[in-house]
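# Overview (structure and organization)
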Amino acid sequence: MTRRGQDRFVASARAVMLQYGYRVVAAFVVAFPAAQTIGKIAASFPGGDRALFEPGGFYLLEALRLGGAPVPGALEGAAVVGALLAFVGLFPLAVALEVLRRPSASLADAVRRGAARFPTFAVVGAVTVLAQTAVITLASAVLGALPFHSFLNERNADGLLVVLAAVPALVVFALGVVEDLVRAELVSGAEAWVPALLRALRTLRFRPGDVLRRLWLPSLGAPLLALGAMFATTGIDVSRPGAVRISTVFVMHQLVVLGIVVLRTGWFRGALALADSAATDPGDGLAVDLNVAMSGPVPGEIEPHDAPSE
Amino acid sequence: MARNVPLPPARAACTVVAAAVTWLGPSLSTTHADVLAQAESSSTRTAALDAECMPRAVQTLREDEPPPSVGAAFDDDRALPAHAATVVSYTLEAKLNAEARTIDGKGTIRWKNASAKPAPELYFHLYLNAFKNNGTLFLRSPFGESRSGHGATHWGYIDVTHAVVPEMGGVDIWANAAARSTDDPDDETDVAVRLPRPVAPGETITIDVAWKSQLPEIVERTGYLRDFFMVGQWFPKLARREADGTWVHFPFHPESEFYSDFGAYDVTLDVPENLVVGATGVRTDEHVAAGRRRERYRIDDVHDFAWTAWASFEERDETLDGVRVRVLFPPGNGENADATLAAVKHGLAFYGAAYGRYPYPVLTVVHPPEYAPAAGGMEYPTLITTGAPWYAASFSSFVERITLHELGHQWFYGLVATDEHAWPFLDEGLTTYAESSAMRAMFGAGNGVHLPGLDIDGDAYLRNLAASAGHDGIVARPAAQFPSFSELGSLVYARTGIVLDTVARVWGQAALDRALGRYARRYRFDHPGPKHFIAVVREVVGDDAADFVEGALLEGKTVDFVAKDLEATKTRDKAGLFDRNGVRETVAPNEARGGDRYSGQVLVYRHGNLRVPVDVELRFADGSTVKRNWDGHGELHTFVEQSASPLVAANVDPNLRVLIDDDLANNGAVKKPSFASRVLERATYLVELLLGALGP
């Protein structure tokens, strides 16, 4: 492996571990108080919280019933903390993108650059959330007002609504894709989020095939991984005594999360490559097709003018 | 305690004869479908049904009489009454004006005074008047809108135009009808009609009646919505007169259902040609002419008649267990119809084996359109309504559950015709238990929710409902006395079901099922009360179980086991000063010698006044366990155990037998609470996925 290849590998691993590590810690911080609340209720069940997983669900529903007051409070708290940590998560994301963008740079430099990007990432995130909310609100109002049920039977009317609802769902998804492309443009050198947005839209408009080629695997892979884990762990009865089962489930779940982060990191590598190819293209960005595969050339090969010298 | 009351001679004789004489048509082992099929094919149905040597139910039970002993003869179908004693029969014609949503009705009611006293008056229930204005008992109740989510938007009513009794000189007795309900001047659903002369005990009178019904937009169960019609409680219906001459009549309350006498129904429905009709009974005649459809439905041994009509109904027809099952459902609900048929097939076999075979040749299941859910989830003789979104059967067992519940009512309401107004737990509660049993037999532990890694039993949900209403009142009380429908639901449906499930788990499933089977068979075509039910439980399951059921349902008793103060200490050898043979000896403490034995102790309290035996599992540090039983006597039992390993945990009711326990979270006492690692693992993973999906 060449030095550059080694740098890229290390950079990818760092980016993955940054995001995965943050996600594990954030999830633990969010989950712990709620889990502790339910755990306290379950402490007196036969076998402790094992009982919550027994077939039949008697103890599970009992815990939820008895937790009628504390559990919703704990969940509300978890939601607030989760939202805050999701926002803070923009920082490790920015650092990860910097690491991917400049594989040979030091981690400290990536952290410094990531911190500098954080405010702009926050603005882009807020704009995206607002746009997605607007789309969902508008779609709900329009779809709710359509009078399908007056001339179609229940099934056909609902089916048509689902088909139509796929349009705003795709728009919401596309807004998320645009957000990622904007982040990549920002890391690749765009000075502000508006020009980055324009460049991202130009990429989306003129190179949709390249975007889709890099997007499909992480988009489909993540839910498939989660579904696969759901079915794979079904056969492991954690209501039975012993630490082996729950440990196995824990490892499987964490592998799924790690896999999802790896897929998403691959997407970001592709987004950065698209941003850099557009930046180095003297024309409209169409003349050059880098044909970058998921594991292909990465933006580290194109050192921008502000990259630190090694 | 139970008094042995012999069967009436006629029935005792016929029980023997009918088992041998099969050439008459129906034997007691053939299904009722066969009976009616033979009867219809030979046009001798009435004669066949009236065959002298068929056991008939007698209606002699009174609440103030000691419940009779039933006996093992009713543990199977051999002694099953084949027919009800006919008290009131209706021959009616109804013409539907689909545009005006009105019904012009006329016909004949034949009523026999089966009581021991002359009847100087009749009581009619005119249920449609519940929707006449917002001052009626039904609509002025804050719960009158519970099913539809709104009150009446188009009023409904029933106007009786005449009621002539030929046996009384052809006088129109309706001229003497009260204008208002007996005890409610703002209500017109419960009307007394004074007769020119009393009807003598045993005498039968004929009432030629005509009326006009305006159907309401469906508020609850009955009426129209758009072009869909669900027509229940639509004709002038006689109240039931008990053997002691007491009329059981009541204005229509939104939380109450009904109570009527058995009889024969012969109803001709005249509707627009394009409507598909479903109704109680067997369709014996069908004519289409001049844009109208006339269908005639006949059935014996029932106590109500309902029907539906809708142009868009699709239909599935199948003969299951000798019963012609007809499912009417909206377009696009094919999977729901399949699930319904599967549930009916399972239910007919399951309930038939448990509570006596289904005696009718037909069953119609109506799945209302999605826009009329208030018509769903209701039982009538040989006709039930279900209801669910078109996709329900693809993702859940809800369709099967509601079907099995309503089908269960064919036994606990239809055949065992308890007073639903006075004792709703006897129909809804017993049906809920039956439904749970049938669902568990059909779907196993995941009969409530079945997802990868998550199985929820329907009883777990019922237990929650029952426990949350544990101290809020007595189960066995009239429907109108419940402060809300949710309270009625928690107590009447859930708590009764869970009390019975507790009996099954503590005293044995087989014993309880035998008791319910004996009760259902003995009181088929009859009108038992709570005491009769308790008496059969006592007879079959035993005094402890019967006292438990009586306490839990009739007396509002509750139970909550609590384990606390778990201690484990090393057993020490004797130490100190001992006088032996006049000599005082000093024995020094030596813990080391006694260090390999432990004494463990835990206190188990029984809070509440409902006594039930319970197991207690004691767990030791080396992982070993012992199980001890407490008969539940007293308020506290101290469990002391000598062991080689220290006691670390005690679990009351480790196998979850006492489902009615108010609080399961205080059933355990542990030396050192374990960390909730499983919950934390799942919660962390869930948040990780959410952060990935919703986060940056």
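Please read all numbers here as calculations on a predicted model, not as lab measurements. (Residues numbered from 1 in each chain as written. Chains lettered and ligands numbered in written order. Predicted model: local features only at pLDDT ≥ 70, side-chain atom pairs only at ≥ 80, totals over all residues. Heavy atoms only, no water.)

Moving on: the overall build of chain B. On a plain count of helices and strands, chain B comes out with 16 helices and 33 strands. Looking at chain B as a whole, 59% of its 696 residues qualify as buried. Considering only residue pairs separated by 6 or more positions, chain B has 73% of its internal contacts joining residues 24 or more positions apart. Of the roughly 25800 Å² that chain B leaves accessible, carbon and sulfur atoms contribute 53%. (Helix = DSSP H or I, 4+ residues; strand = E, 2+ residues; numbered from the N terminus. Buried < 20%, exposed > 50% of the residue type's maximum accessible area, 1.4 Å probe, protein only. Contact = heavy atoms within 4.5 Å. Areas by Shrake-Rupley, 256 points an atom, 1.4 Å probe, with all protein chains shown as cover.)

Let us now look at the packing of helix α6 (residues 154–187) of chain A against helix α7 (residues 193–206) of chain A. Residues and elements named next belong to chain A. For the pair α6 and α7, the least separation of the axes is 8 Å and the interaxial angle reads 120 degrees. Classified by the angle their axes make, α6 and α7 are oblique. As for how α6 packs across α7, the hand of that crossing is right-handed. Facing Val178, Leu181, Val182, Glu185 and Leu186 of α6, the residues of α7 in contact are Trp193, Ala196, Leu197, Arg199, Ala200, Leu201, Thr203 and Leu204. Its residues assigned to classes, the contact of α6 with α7 comprises ten nonpolar, one polar and two charged. (Axes fitted to C-alpha atoms, helices over the stretch in contact; angles between N-to-C directions. Parallel < 35°, antiparallel > 145°, perpendicular 65-115°, else oblique. Left-handed = near helix turned anticlockwise from the far one by under 90°. Nonpolar A, V, L, I, M, F, W, Y, C, P; charged D, E, K, R; others polar.)

It is worth spelling out the sheet that holds strand β3 (residues 119–125) of chain B at this point. Residues and elements named next belong to chain B. Strand order across the open sheet formed by three strands is β6-β3-β10, with antiparallel pairing between neighbours. At either end of the open sheet lies a strand with only one pairing partner, and these are β6 (190–199) and β10 (237–238). Alignment of β3 against β10, held across two bridges, turns out to be antiparallel. In the sheet register, His125 faces β10, and the bridge partner there is Lys237. (Pairing = 2+ DSSP bridges.)

Residue and element names in this part refer to chain B. Taken in spatial order, the three strands line up as β25-β28-β31 in an open sheet, and their pairing is antiparallel. Sheet topology places β25 (560–570) and β31 (636–643) at the edges, where each strand pairs with a single neighbour. Taking the axes of each pair of neighbouring strands and ignoring which way they run, one obtains an average angle of 15 degrees across the sheet. Relative to strand β28 (residues 598–607), β25 is paired through nine bridges, and the arrangement is antiparallel. The partner of Phe561 across the bridge, within β28, is Arg606.

Right, let's get into the pattern of salt bridges. Two side chains bearing opposite charge may form a pair once their charged atoms approach each other closely. Residue and element names in this part refer to chain B. For the structure shown, the criterion picks out 59 salt bridges over all chains. Arg294 is paired through a salt bridge with Glu93; the nearest N and O atoms lie 3.5 Å apart. Of this pair, Arg294 sits in strand β16 (residues 292–302) while Glu93 is found in strand β1 (residues 88–97), placing the two residues 201 residues apart along the sequence. On the basis of relative accessibility, which here comes to 33%, the residue Arg294 falls in the partly exposed class. Here Arg401 ties to Glu435 by a salt bridge, and the two come within 2.6 Å at their closest N and O atoms. (Salt bridge = Lys/Arg side-chain N within 4 Å of Asp/Glu carboxyl O.)

Let us now look at the side chain of Glu242 of chain B. Residues and elements named next belong to chain B. Along the chain, Glu242 turns up in the loop between β11 (240–241) and β12 (247–248). In this structure the side chain of Glu242 is engaged in a polar contact, spanning 2.7 Å, whose partner is the side chain of Arg240. Reaching out from Glu242, the side chain makes a polar contact with the side chain of Tyr259 at a distance of 2.9 Å. (Polar contact = N/O pair within 3.5 Å; in protein donor to acceptor, adjacent residues only side chain to side chain.)

What follows covers the interface of chain B and chain A. Interface size, as often reported, equals the accessible area lost upon joining of the parts. Counting residues at the interface gives 59 residues for chain B and 62 residues for chain A. Of the roughly 4900 Å² buried between chain B and chain A on both sides combined, carbon and sulfur atoms contribute 64%. For the interface between chain B and chain A, the tally reads three salt bridges. At the surface where chain B touches chain A, the tally comes to 22 residue pairs in polar contact (both at pLDDT 80 or more). Taken together, the elements giving at least two residues each to the side of chain B that touches chain A come down to α5 (334–355), β24 (454–456), α10 (458–468), β33 (668–670) and α16 (677–694) of chain B. Among the elements that take part in the side of chain B that touches chain A, α16 of chain B stands out by supplying 14 residues, more than any other. (Buried area = accessible area lost by both parts, 1.4 Å probe.)

Attention now goes to the nonpolar core. Nonpolar side chains in soluble globular proteins tend to be buried together. Among the nonpolar cores identified, the biggest contains 180 residues, and Trp234 and Trp307 of chain B are the most heavily contacted of them. Examining the composition of this core, we find that nine residues originate from one element, helix α11 (residues 485–507) of chain B, more than from any other. Contacts of Trp234 of chain B, omitting those with residues within four sequence positions, involve Leu92, Ala94, Ile103, Leu128, Ile158, Trp211, Ser213, Val267, Phe305, Ala306 and Trp307 of chain B. Counting 28 residues, the second-largest nonpolar core is a separate cluster that includes Leu90, Ala96, Ala190 and Leu272 of chain A. (Core = buried A, V, L, I, M, F, W, Y, C linked by side-chain atoms within 4.5 Å.)

This part is about the packing of α5 of chain B against helix α9 (residues 424–443) of chain B. Packed helices, taken two at a time, are described by the angle between their axes plus the distance between the axes. Residues and elements named next belong to chain B. Closest axis-to-axis distance for the α5/α9 pair is 10 Å, and the angle between their directions is 120 degrees. Regarding α5 and α9, the two cross each other, and that crossing is right-handed. Contact residues: α5 offers Ala342, Ala343, His346, Phe350, Tyr351 and Tyr355, while α9 offers Tyr433, Ala434, Glu435, Ser437, Ala438, Ala441 and Met442. Here the contact of α5 with α9 is composed, by residue class, of ten nonpolar, two polar and one charged.

Take unusual backbone geometry next. Residue and element names in this part refer to chain B. Here the phi dihedral of Gln233 falls at roughly 50 degrees; this positive angle occurs in a residue that is not glycine. Here Gln233 is to be found in the loop between β9 (228–231) and β10. Although it is not a glycine, Asp565 sits at a positive phi angle of roughly 55 degrees. Relative to the elements of secondary structure, Asp565 occurs in strand β25. Classification of Asp565 by relative accessible area gives partly exposed; the value is 45%.

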